[in-house]
Amino acid sequence: MKTPLTKSFFMKGLPCTEKLKLTLERSEIKNDENSFLKALAQGGFQVEELARMHYPDGIFIDTKPGQYEKAAKLTKEALENENVVLFEAAFLVDGYFIRTDILEKRGNKIKIIEVKSKAYSPDDKFLTAAGTINAKWEDNLWDLAFQSWVLKKFLSSGDYEIESVFLFVDKTKKASIDGMNQLFRVPANGNPRTGIIRRVEQLKDLGESILIEVKVPDEIIEDIHVGNHYHSVDGAMMFAKARDLRDYVKGKDKWSTPDPTYKKCKSCEFRTELAEDGEEILSKCFATALRVPKLYPESILKLPTIFEIWDYRSGPSGRLKRDNLFLEDLTAEDLNVCPEPGKISRTDRQWLQVQKSVKKDNSVYFEAEGLKNEMKNWQFPLHFIDFETSGAALPFMKNLSPFEQVAFQFSHHVVLEDGTIEHQTEFISNTPGEFPNFIFARALYSALKNDKGTIFRFHNHENTILNVIIKQLQDSSEPDAEELISFLKTITVSSKNSASEWNGERAMVDLHRVIKDYYYNPSTKGSNSIKDLLPACLTSSSALKNKYSQTIGNLKLTSKNFDPNHVWLKFDGGIIESPYKMLPPLFENWESIDMEDTISEMDYLADGGAALIAYAKLQYQDMSDKERDEITKGLLKYCELDTLAMVMIYEHLRELVN
């Protein structure tokens, strides 16, 4: 049969029919499959399996992808029972197809249960004070409304009451047992929806449930059905029009290429494609929408666009055109540039990016006096710290709430006034079931208490985590809680939701903020991520290139995890490869017979998402000491590079002001 309008196709087509067309045409869709998103997805599969445990008699409608008619037939047969619970119930009617996470039938009452790994609290509202859909829940509500509408079509000949509910993770609850997260293991291969390895038999063995069922008011669903609520991604897509996407999928193409808009197109995974020479260019569908002539020159598609501009929050309103898309056509007035004396303002940075991109100017720009004055406030020895943390939907330890943060690792580099660089301390918790936060705080206190040197972090994460630990210590009975809180408050500033306010006399300096205020490097293409900033700084500094092309043993540098012969810089055709690519793979020298006993199913550790997954694997009680040690070594190397990267960036800034 022809492909029906599935739930995923419906949601894909809402912002753009061209996006739906490309999804249907391409077997391989360009998605951002980074390890952080993979970690989030794994949490979603775990929550879904936990949700099913609330319905022990549930029947799984298990069919292969594309078997629409078979799945619908099995569902119809199962619904002949007076009372039944179905997992992945399938409904095919008039060219529409849905699968529900959980469907409960009790007589003539049917409940659609949409499982979400999102955190929910009683303060969350589906509608704003003005009566519009809260943006946080918009996609979820339209998804549920589509399911409800298709189910009503299927049941049109019967007298049924349909209720739509979400099953969320309740962030106000706490885990009743240790190791809940590890009882739901996501396989590396196979279907994670059907292949979760569950190491618990009954729901009661998990203690009090951390899930909460939240009913969606019928009037919200009905308002979406009749078009009282629009989907804001497009600004004009009402439910009745969205249903017509079915005809688009069936090949009855009555849709013209939609007008491109900044909001809609910025997040599109099809906005760019690869040219024959491997260079990324604007997609042809985008060029068509811009009304570029059919035989458009390839050069137009290679021009830099406004989508590259850093922190361009709204972009131009209305339809994108040839004269408001490309950077070469922008003016300072278009960006409403507002200078800030001694610093690079947000709009200054945007205009810098536009000018340097158009002129193909790769030179670094920095505010010399402002940066000098900033650095005068820094006191040696300089401390550079980086944390690795995890906040899982299903907590690792008893008495933790869903998504409550645990800090399991830090790295700490020190720069002395004579330029010596020491990897001075590090901490990692790799013991299953061990709540690390208070041990972490003590180790950090020990590492930083011996002098008054300036402490650096990169972005807000470290400050946020220490605020969490302060709150946890306040609620604890730890004998040294008061001492630890006092110390942590000296190196932090209070978060917005803190019960009290403070601004530590030795509060960590945010190196990310320093970069934004005083430094711009065109090689980052607007990004201020440390992963992009590091190779850009190295590329721009001959001194750093010469220095870090040598072995660690030849430098005024110590390392706790790397061999003295390790070299941080490698050149590929004269271009510096990111040092993160120099991190060695896990199990590099293991024999195949040893690999047979591993259970982590990991092979590389080079970013924060992979670190999240690695920590979750370390919680496996049945992991061998040898495998645990290998993953621990990988985490230590990755975190050490994070703080060394901060040191390298500092060295580059020092070089500039000198």
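All of these numbers come straight from a predicted model, not from anything done at the bench. (Residues numbered from 1 in each chain as written. Predicted model: local features only at pLDDT ≥ 70, side-chain atom pairs only at ≥ 80, totals over all residues. Heavy atoms only, no water.)

Participant: Looking at this structure, I do not really get the overall build of the chain. What am I missing?
Facilitator: Secondary structure assignment for the chain yields 23 helices and 20 strands. Here the C-alpha atoms of the chain give a radius of gyration of 27 Å, agreeing with the 26 Å that 2.2 N^0.38 yields for 658 residues. C-alpha atoms of the chain, sized along the principal axes, occupy 85 × 65 × 55 Å. For the chain, the computed accessible surface area is about 30,700 Å², with 47% contributed by carbon and sulfur atoms. Charge centroids of the chain, computed over 84 positive and 101 negative side chains, lie 4 Å from each other. (Helix = DSSP H or I, 4+ residues; strand = E, 2+ residues; numbered from the N terminus. Rg over C-alpha atoms; globule rule 2.2 N^0.38 Å. Areas by Shrake-Rupley, 256 points an atom, 1.4 Å probe, with all protein chains shown as cover. Lys, Arg positive; Asp, Glu negative; His and termini not counted. Charge placed at Lys NZ, Arg CZ, Asp CG, Glu CD.)

Participant: What's the story with the packing of aromatic side chains in this structure? I'm lost.
Facilitator: Within a pair of aromatic rings, the relevant descriptors are the distance that separates the centres and the angle that separates the planes. Throughout the structure, instances matching the rule amount to 33 aromatic pairs. Ring geometry for Tyr 96 versus Trp 149: centroids 4.9 Å apart, planes at 85°, classification edge-to-face. Linking Tyr 96 in strand S4 (residues 96–106) with Trp 149 in helix H5 (residues 138–154), this pair joins segments that are 53 residues apart in sequence. In this pair, the class of Tyr 96 matches that of Trp 149, namely buried. Three or more aromatic residues joined by ring pairs make a cluster, and in this case those are Phe 10, Tyr 96, Trp 142, Phe 146, Trp 149 and Phe 239. When the ring centre of Phe 87 is taken as origin, the NZ or CZ atom of Arg 52, which lies over that ring, is 5.8 Å away. (Phe/Tyr/Trp six-rings, centres within 6.5 Å; stacked < 30°, edge-to-face > 60°. Buried < 20%, exposed > 50% of the residue type's maximum accessible area, 1.4 Å probe, protein only. Lys NZ or Arg CZ within 6 Å of the ring centre and 35° of its normal.)

Participant: How do you make sense of unusual backbone geometry when you look at a structure like this?
Facilitator: For residues that are not glycine, phi is negative in most cases, and the peptide bond is trans in most cases. Pro 381 follows Phe 380 through a cis peptide bond whose omega is -5°. You can see Pro 381 is positioned in the loop between helix H14 (368–376) and strand S13 (382–390). Not every positive phi belongs to a glycine, and Lys 525 is a case in point at roughly 55°. Mapped onto the fold, Lys 525 is located in the loop between strand S18 (519–520) and helix H19 (530–540).

Participant: Quick question: what am I supposed to make of the side chain of Arg 246 here?
Facilitator: On the secondary structure map, Arg 246 appears in helix H8 (residues 245–249). Polar contacts involving the side chain of Arg 246 include one to the main-chain carbonyl oxygen of Asp 94, which spans 2.8 Å. Ignoring anything within four residues of it in the chain, the contact list for Arg 246 reads Leu 5, Asp 94, Gly 95 and Tyr 96. (Polar contact = N/O pair within 3.5 Å; in protein donor to acceptor, adjacent residues only side chain to side chain. Contact = heavy atoms within 4.5 Å.)

Participant: I'm lost on the nonpolar core in this one. Help?
Facilitator: When a protein is soluble and globular, its nonpolar side chains tend to lie buried together. In terms of nonpolar packing, the biggest core is built from 69 residues, with Tyr 548, Trp 568 and Leu 635 touching the most fellow members. It is helix H23 (residues 625–657) that provides the largest number of residues to this core, a total of 14 residues. Discounting chain neighbours no more than four positions away, the residues touching Trp 568 are Tyr 548, Ile 552, Phe 562, Pro 579, Met 582, Leu 583, Leu 641, Leu 644 and Met 648. (Core = buried A, V, L, I, M, F, W, Y, C linked by side-chain atoms within 4.5 Å.)

Participant: Is there a simple way to think about the layout of surface pockets in this case?
Facilitator: Gaps left between atoms show up when a probe the size of a water molecule is rolled over them. There is about 1,300 Å³ of room inside the second largest pocket. For the second largest pocket, the lining is made up of 38 residues, of which Glu 280, Pro 304, Glu 308, Ser 357 and Lys 525 are closest to its centre. Going through the elements one at a time, strand S11 (280–282), helix H13 (346–359) and H19 are the ones with two or more residues in the lining of the second largest pocket. Residues of the lining of the second largest pocket, tallied by class, amount to 15 nonpolar, 10 polar and 13 charged. (1 Å grid on protein atoms, 1.4 Å probe; cavity = no way out; pocket = protein on both sides within 12 Å on 5 of 7 lines; lining within 4 Å. Points joined across faces, edges and corners; volume = space filled by probe spheres on them. Nonpolar A, V, L, I, M, F, W, Y, C, P; charged D, E, K, R; others polar.)

Participant: Sorry if this is basic, but what is going on with the state of the cysteines here?
Facilitator: Disulfide: a covalent bond formed between the sulfur atoms of two cysteine residues. Under the definition given, this model contains 0 disulfides. Cysteine Cys 639 shares no disulfide, and the gap to the nearest cysteine sulfur, in Cys 537, comes to 19 Å. Classification of Cys 639 by relative accessible area gives buried; the value is 1%. (Disulfide = S-S within 2.5 Å.)

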